[in-house]
Amino acid sequence: MANSAGELQWLPSLSIDGFPGAPLVFDKKTGGDVTSSPPKHRPGGMGPEVSYLALPVYSDVTLTRVYEQERDQALIGELDPLCGTTYCTVTETPLTPTGTPAPFTPRTYRGRLANIKPGNVDSTSATPRMWEIDIVVESVAN
């Protein structure tokens, strides 16, 4: 039986073009799905439907992590002006059961930084504050 990896066995990170420092490590990655909508046509005479070529479309990637004031307050302010103008790469690295990088090629998502969401505020909540970054994906590789 082949080994399978749980959702926790991945390391999502973000490298931003021209932004100094090591890649930013995140807790959660969603999106990056690849879809297409091939058009179909049924010819006259009740013939079988025929599908036609369609190009892939990628959903946006959202990266999420716990907000730590000492680390993230200034960082979020530095990232804000990069929205809509700067390219970045999300790398999804597979991990072994012991948390080290697995011997597989990471999946990468390349696109433009689209949103910085600094997190919610709620005076009645004890939930950790989470903040997010959205990337509009233009290409996927692995």
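Let's talk about the environment of D60
Then step 1. Along the chain, the position of D60 falls in the loop between β7 (57-58) and β8 (61-66).
Then step 2. For D60, a relative accessible area of 40% translates into the label partly exposed.
Then step 3. Sequence-wise, D60 and G18 are 42 residues apart; in three dimensions their C-alpha atoms are separated by 21 Å.
Then step 4. What D60 contacts, discounting residues up to four positions off in sequence, is T30, G31, G32, I135, V136 and V137.

Details of helix α1 (residues 69-79)
Then step 1. All of the buried residues along α1 are D72, L75, I76 and L79. Around the axis of α1, the buried residues are gathered within 105° of arc, so they sit on the same side. Facing away from the buried side of α1 by over 90 degrees, the exposed positions are Q69 and E70.
Then step 2. At its buried positions, α1 is contacted by β1 (10-16), β2 (24-25), β8, β10 (107-117) and β11 (130-141).

What to know about the side chain of T64
Then step 1. Along the chain, T64 turns up in strand β8.
Then step 2. Overall, the relative accessible area of 8% leaves T64 in the buried class.
Then step 3. Among the polar contacts made by the side chain of T64, one reaches the side chain of E132 at a distance of 3.2 Å.
Then step 4. If near-sequence neighbours (up to four positions away) are discounted, T64 is found in contact with F26, D27, K28, M130, W131 and E132.

So, the state of the cysteines
Then step 1. In total, this model carries 0 disulfides according to the counting rule given.
Then step 2. The structure places no disulfide on C83, whose sulfur is separated from the nearest cysteine sulfur, that of C88, by 9.3 Å.
Then step 3. Residue C88 is classed as buried on the basis of its relative accessible area of 0%.

Remarks on the pattern of salt bridges
Then step 1. Scanning the entire structure with this criterion turns up 8 salt bridges.
Then step 2. Linking R65 and D72 is a salt bridge whose minimum nitrogen-to-oxygen distance equals 2.7 Å. D72 carries the same exposure label as R65, and that label is buried.
Then step 3. The salt bridge partner of R71 is D72, with a shortest N-O separation of 2.8 Å.
Then step 4. For R71, a relative accessible area of 35% gives the class partly exposed.

About the thresholds
- Residues numbered from 1 in each chain as written.
- Predicted model: local features only at pLDDT ≥ 70, side-chain atom pairs only at ≥ 80, totals over all residues.
- Heavy atoms only, no water.
- Helix = DSSP H or I, 4+ residues; strand = E, 2+ residues; numbered from the N terminus.
- Buried < 20%, exposed > 50% of the residue type's maximum accessible area, 1.4 Å probe, protein only.
- Contact = heavy atoms within 4.5 Å.
- Arc of directions from axis to C-beta.
- Polar contact = N/O pair within 3.5 Å; in protein donor to acceptor, adjacent residues only side chain to side chain.
- Disulfide = S-S within 2.5 Å.
- Salt bridge = Lys/Arg side-chain N within 4 Å of Asp/Glu carboxyl O.

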